[in-house]
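Structural description and commentary
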Amino acid sequence: MAQHFLLSSKARTLSLRDIYKGGEDAAYQTFLKLRWPETEGEAVCPDCGCVDTYRITTRRRFKCAACGVQFSATSGTILHSRKLSFVDLLAAICLVANAAKGLSALQLARDLGINPKSAFVLAHKIREALARETVAEKLAGEVEVDGAYFGGHVRPENRKEDRKDRRLAENQTGKRRVVVALRARQGRTLTAVYRTEDESLPMIRERVADGSIILADEAASWDPLHGWYTAKRINHSIAFMDDGVCTNQAESFFSRLRRMVGGQHHKVSGRHLHAYASHAAWLEDHRRQDNGALTRRALGLALASPVSRVWTGKWQARAG
Ligand SMILES: [Zn+2]
C-alpha cells in the first residue's frame with residue numbers, strides 16, 4: 001500500500017525547531033518576503049506605494065522617503081499591532097497550518113505560552129485570512145453540493161417518560177445551523193452557514209458557473225438546482241454511489257469539519273461556525289501540500305489581508 005502523504009518526508013519541510021533555530025531575524029526576513037513578494041522583500045509604503053524607504057533598523061520599521069509615514073512588515077494587514085515577536089507569530093501560523101484537524105485556542109495558548117484569549121483572536125485572524133483565498137472563486141465542471149447540521153444539541157432526558165420529541169421545532173434550541181459545502185471535483189471547496197439548506201440557493205447560483213454539473217443527494221432543498229444546472233441526484237437511502245453520482249468529496253470535507261469541531265473546538269457557536277468550515281475547506285483543498293508550503297501560504301494570505309473588522313481590538317496578543 002502506498003505510504004500516506006502525511007507520513008512521507010515530503011510532507012515535512014518546516015518544523016517548530018527550524019523556526020526557533022532560525023530565530024527572530026530569519027522569521028523577520030520571511031515576513032518581509034511574503035509581505036512584499038513583488039519586490040522580493042523590499043519595503044513598499046502602504047500609504048503612497050513608494051519603494052524609496054529608510055530602515056529604522058533598531059525597531060524593524062520603515063519610513064517612507066516620499067510621504068514620511070512610518071510602517072512595519074505587518075502595518076495595514078490582519079497581523080497589525082502585533083505584540084508577539086515575528087518568530088512566535090511564524091510559529092503560531094506553522095502550528096495552525098500543521099494541524100490537519102484544526103487547533104483549539106487553548107492548545108495554541110499552551111504551545112506558545114500566551115494568553116488563551118490572545119490565542120483565540122490570533123487563530124481567528126489566521127482563519128479570516130485563509131478564507132480570503134476563495135472569496136472570488138467561482139466553481140465549474142462537476143460540483144458536489146451537500147449540507148450538514150451542527151450545534152443546537154438538546155440533551156435527552158435521563159428517563160424515557162421525560163423525553164421530548166427533539167425533531168419538533170418547539171423542542172429545539174434554535175441554535176442549529178447547516179453548513180453547505182460546494183466542492184468542485186477539479187477545484188476548490190466553498191462553504192457557508194445557514195439556518196436551512198434552502199437559504200443557500202442564491203449563493204449556489206452565484207458561485208457555481210453556468211453549464212456546471214451539480215451532484216447532490218435526494219433532499220428536496222436541492223430540487224430548484226435542476227432549473228439552473230444539469231443536476232444529478234443520489235438517493236442515500238439506497239446507495240452512496242450510483243453510476244458515478246455521489247457526494248463523497250463533500251462528505252470527506254464534512255468528516256474533517258466534524259473531527260475539527262468535535263475533537264478541538266467542542267462547543268462551537270453559530271457565530272464562528274463559518275470560520276471553522278472555511279478553515280476545514282482550506283485544509284482539505286491543500287491536503288497534499290507540505291507543511292512549509294502551507295505555512296508560507298497562510299502567512300502570505302495573512303499579510304495580504306487587510307486589518308480585521310471583526311477581530312481588531314479584541315484582546316491583543318501579548319507574549320507572556
Ligand atoms: Zn509613502
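The structure we're discussing is the one just above.
Note that the structure is predicted; figures quoted are calculated from it, not measured.

**Focus: the overall build of the protein**
- Along its length, the protein carries 8 helices and 8 strands.
- Split into buried and exposed, the 320 residues of the protein put 46% on the buried side.
- Of the contacts made within the protein by residues no fewer than 6 positions apart, 63% connect residues no fewer than 24 positions apart.
- Accessible surface, the protein: about 17100 Å² in total, of which carbon and sulfur atoms supply 50%.

**Some words on the coordination of the zinc ion**
- Ligation of the zinc ion by protein atoms is provided by Cys45 (SG), Cys48 (SG), Cys64 (SG) and Cys67 (SG), these donors lying 2.3 Å from the ion.
- Because the angles between the 4 donor atoms bound to the zinc ion fall within 101 to 118 degrees, the donor set is best described as tetrahedral.
- The sequence motif formed by the donor residues of the zinc ion is C-x2-C-x15-C-x2-C. With Cys45 in the loop between α1 (16-35) and β1 (53-56) and Cys67 in the loop between β2 (61-64) and β3 (70-71), this residue pair connects regions lying 22 residues apart in the sequence.
- The class of Cys45 is buried, set by a relative accessible area of 2%.

**Points about the packing of α1 against helix α8 (residues 291-304)**
- At a closest axis distance of 9 Å, the pairing of α1 and α8 adopts a crossing angle of 60 degrees. Relative to α8, the crossing made by α1 is right-handed. Across the interface between the two elements, Thr30, Phe31, Leu34 and Arg35 from α1 touch Arg296, Leu299, Gly300 and Leu303 from α8.
- Per-class residue counts for the contact of α1 with α8 are 4 nonpolar, 2 polar and 2 charged.

**A look at the packing of α1 against helix α2 (residues 86-98)**
- It is at 7 Å that the axes of α1 and α2 come closest, and there the two elements cross at 115 degrees. Judged by the sense of rotation from one axis to the other, the crossing of α1 with α2 is right-handed. Only Phe86, Val87, Asp88, Leu89, Leu90, Ala91, Cys94 and Leu95 of α2 make contact with α1, whose side of the interface consists of Leu16, Ile19, Tyr20, Gly23, Glu24, Ala27, Tyr28, Thr30 and Phe31.
- Split into classes, the residues belonging to the contact of α1 with α2 amount to 13 nonpolar, 2 polar and 2 charged.

**Some thoughts on the pairing of β1**
- Pairing analysis gives 4 bridges linking β1 to β2, with the strands arranged antiparallel. Paired with Thr53 across the two strands is Cys64, which belongs to β2.
- Between β1 and the antiparallel strand that follows it, β2, lie 4 residues; Arg60 among them carries a positive phi value of about 50 degrees.

**Overview of the nonpolar core**
- With 65 residues, the main nonpolar core has Phe31, Leu79, Leu108, Phe253 and Leu257 as its most contacted residues.
- Element by element, the count of residues in this core is highest for α2, at 11 residues.
- Among all residues touching Leu79, those that are not within four sequence positions of it are Phe31, Thr74, Leu89, Ile93, Leu122, Leu299, Ala302 and Leu303.
- Among the nonpolar cores identified, the runner-up in size contains 20 residues, and Leu139, Tyr194, Ile204 and Leu225 belong to it.

**Brief notes about the pattern of salt bridges**
- Under the counting rule described, the total for this entry stands at 11 salt bridges.
- Linking Arg60 and Glu24 is a salt bridge whose minimum nitrogen-to-oxygen distance equals 4.0 Å. Within this pair, whereas Arg60 is found in the loop between β1 and β2, its partner Glu24 is found in helix α1, the two being separated by 36 residues in sequence.
- When its relative accessible area of 26% is taken as the criterion, Arg60 is described as partly exposed.
- Arg60 is the salt-bridge partner of Asp25, the closest N and O atoms lying 3.4 Å from each other. Note that Asp25 is positioned in helix α1 and Arg60 in the loop between β1 and β2, a separation of 35 residues in sequence.
- Linked by salt bridges that have partners in common, Glu133, Arg188, Asp285 and Arg297 make up one network.

**Remarks on the packing of aromatic side chains**
- Scanning all chains against the criterion turns up 7 aromatic pairs.
- Between Phe31 and Phe86, the aromatic rings sit 4.9 Å apart at their centres with planes inclined by 65 degrees, giving edge-to-face as the arrangement. Residue Phe31 is found in helix α1, and its partner Phe86 is found in helix α2; the two are separated by 55 residues along the sequence. Each of the two residues, Phe31 as well as Phe86, counts as buried.
- With 5.8 Å between their ring centres and 90 degrees between their planes, Trp36 and Phe62 make a pair best called edge-to-face. Separated by 26 residues along the polypeptide, Trp36 in the loop between α1 and β1 and Phe62 in strand β2 bring together distant segments of the chain.
- Owing to a relative accessible area of 3%, Trp36 belongs among the buried residues under this scheme.
- Here the aromatic cluster, defined as three or more aromatic residues joined through ring pairs, consists of Tyr28, Phe31 and Phe86.
- When the ring centre of Tyr28 is taken as reference, the NZ or CZ atom of Arg60 above it lies at 5.0 Å.
- The side chain of Arg258 reaches across the aromatic face of Phe150, ending 4.2 Å from its centre.

**Overview of unusual backbone geometry**
- The residue Glu40 is not glycine, and still its phi comes out positive at about 55 degrees.
- Unlike most non-glycine residues, Arg60 shows phi in positive territory, near 50 degrees.

What counts and how
- Residues numbered from 1 in each chain as written.
- Predicted model: local features only at pLDDT ≥ 70, side-chain atom pairs only at ≥ 80, totals over all residues.
- Heavy atoms only, no water.
- Helix = DSSP H or I, 4+ residues; strand = E, 2+ residues; numbered from the N terminus.
- Buried < 20%, exposed > 50% of the residue type's maximum accessible area, 1.4 Å probe, protein only.
- Contact = heavy atoms within 4.5 Å.
- Areas by Shrake-Rupley, 256 points an atom, 1.4 Å probe, with all protein chains shown as cover.
- Donors = N, O, S within 2.8 Å, 3.2 Å for Na, K, Ca; no water.
- Tetrahedral: all angles 85-135°; square planar, octahedral: opposite > 155°, others 65-115°.
- Axes fitted to C-alpha atoms, helices over the stretch in contact; angles between N-to-C directions.
- Left-handed = near helix turned anticlockwise from the far one by under 90°.
- Nonpolar A, V, L, I, M, F, W, Y, C, P; charged D, E, K, R; others polar.
- Pairing = 2+ DSSP bridges.
- Core = buried A, V, L, I, M, F, W, Y, C linked by side-chain atoms within 4.5 Å.
- Salt bridge = Lys/Arg side-chain N within 4 Å of Asp/Glu carboxyl O.
- Phe/Tyr/Trp six-rings, centres within 6.5 Å; stacked < 30°, edge-to-face > 60°.
- Lys NZ or Arg CZ within 6 Å of the ring centre and 35° of its normal.

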